[in-house]
Amino acid sequence: MTSKTSPRWRQAVVWLHVVSSVAWMSQALALVVLMSLTLTHAAQAPAATSMAEELDSVLLAPMANVSAFTGLLLAGATAWGFFRHWWVLTKFVLTLAQLYAGIFLLSPALRESVDTATGTWVQVAGTSLMASALAFQAWLSVAKPWKKTSWSPAAKPPTAPTWVFVAGIGAPAVDVAAGIALGYPLPAAELVMLIVLLGFERRRRRRRARRPSARSPRSAPAASSPTT
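Residues numbered from 1 in each chain as written. Predicted model: local features only at pLDDT ≥ 70, side-chain atom pairs only at ≥ 80, totals over all residues. Heavy atoms only, no water.

K.L.:
What is the right way to read the overall build of the protein chain from this model?
P.N.:
A tally of regular secondary structure across the protein chain gives six helices and zero strands. Going from the N terminus to the C terminus, the protein chain shows its helices and strands as α-α-α-α-α-α. Look at the contacts in the protein chain between residues 6 or more apart in sequence, and 81% of them connect residues 24 or more apart. Only carbon and sulfur atoms are counted for the fraction: they give 68% of the accessible area of the protein chain, which is about 13,700 Å². (Helix = DSSP H or I, 4+ residues; strand = E, 2+ residues; numbered from the N terminus. Contact = heavy atoms within 4.5 Å. Areas by Shrake-Rupley, 256 points an atom, 1.4 Å probe, with all protein chains shown as cover.)

Here it is, written out as structure tokens:
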């Protein structure tokens, strides 16, 4: 299965993950500046809150979706896996926490700020925490600290075939185009792709469990005759 994998397509997904992650972090920093401006310059608060809400819905949310999707795809489609290494598992947990916090806490708060034309220190702290978490995840990707998890399988899982990485480029492109047309982010193709990937990973594990061991049992060495 590894021989059918094109390194260029896998590297393209890595490139997309890095670019979208940097964009996500830089836009989170821009939100920190804009929401801080609402507290220090009251006259500029209406413009700052409007720009912050537009930045969040038009740029930050799509980039966050693409970054999370490509990160999950690279974990599930390569030998790294989701739960084999502590640094990958930490990134996985942080990514999900940031996505849900952004969807259910940050975005509604930014829309409310547009209506009231005011910002709060909680919003500044939240956007700062998001940018800091992304910077920490970037360090994890570079340093790859800590050991493997205790439940890490001994066998190294194979890399997925090329079509998985091709779809990993196509799905974000479709979703970003759909989001531009609809006016709001819609990670539908990415979600479908993740479901397909999880199903593929489950089937791959079943095949590996059913496959007999590649090592043939060696015959026991003949007993040596006693020496005098």
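K.L.:
Would you mind going over the packing of aromatic side chains with me for this structure?
P.N.:
Each aromatic ring pair is summarised here by two numbers: the centre-to-centre distance and the angle between the ring planes. In this structure the tally under the stated criterion is seven aromatic pairs. Their ring planes at 70 degrees and their centres at 5.4 Å tell us that tryptophan 86 and tryptophan 151 sit as a pair that is edge-to-face. Of this pair, tryptophan 86 sits in helix H3 (residues 86-116) while tryptophan 151 sits in the loop between helix H4 (121-143) and helix H5 (162-182), and the two are 65 residues apart along the sequence. On the basis of relative accessibility, which here comes to 35%, the residue tryptophan 86 falls in the partly exposed class. You can call tryptophan 151 partly exposed: its relative accessible area is 47%. (Phe/Tyr/Trp six-rings, centres within 6.5 Å; stacked < 30°, edge-to-face > 60°. Buried < 20%, exposed > 50% of the residue type's maximum accessible area, 1.4 Å probe, protein only.)

K.L.:
What's the story with the environment of proline 62 in this structure? I'm lost.
P.N.:
Inspection of the secondary structure puts proline 62 in helix H2 (residues 45-77). The sequence separation of proline 62 and serine 20 amounts to 42 residues, and the corresponding C-alpha distance is 8.8 Å. Excluding residues that lie within four positions of it along the chain, proline 62 makes contacts with Ser57 and Pro185.

K.L.:
Any chance you could explain the nonpolar core here in plain terms?
P.N.:
What tends to happen in soluble globular proteins is that the nonpolar side chains get buried as a cluster. Leu73, Ala77, Val164 and Phe165 are the most contacted members of the largest nonpolar core, which has 19 residues in total. Of all the secondary structure elements, the ones that give two or more residues to this core are H2, H3, H5 and helix H6 (188-210). Ranked by residues supplied to this core, first place goes to H2 with six residues. Core analysis: the second largest hydrophobic core is formed by 17 residues, Leu34, Ala68, Met130 and Ala131 among them. (Core = buried A, V, L, I, M, F, W, Y, C linked by side-chain atoms within 4.5 Å.)

K.L.:
It is not clear to me how unusual backbone geometry should be interpreted in this structure. Could you clarify?
P.N.:
What is expected of a backbone is that most residues other than glycine have negative phi and most peptide bonds are trans. Positioned with a positive phi, alanine 117 is a non-glycine residue whose angle comes to about 60 degrees. By the secondary structure assignment, alanine 117 is in the loop between H3 and H4. For alanine 117, a relative accessible area of 24% corresponds to the partly exposed category. One non-glycine residue, lysine 144, lies in the positive phi region at around 50 degrees. With respect to the helices and strands, lysine 144 occurs in the loop between H4 and H5.

Note that every value here comes from positions in space, so none of it alone points to a role or purpose.
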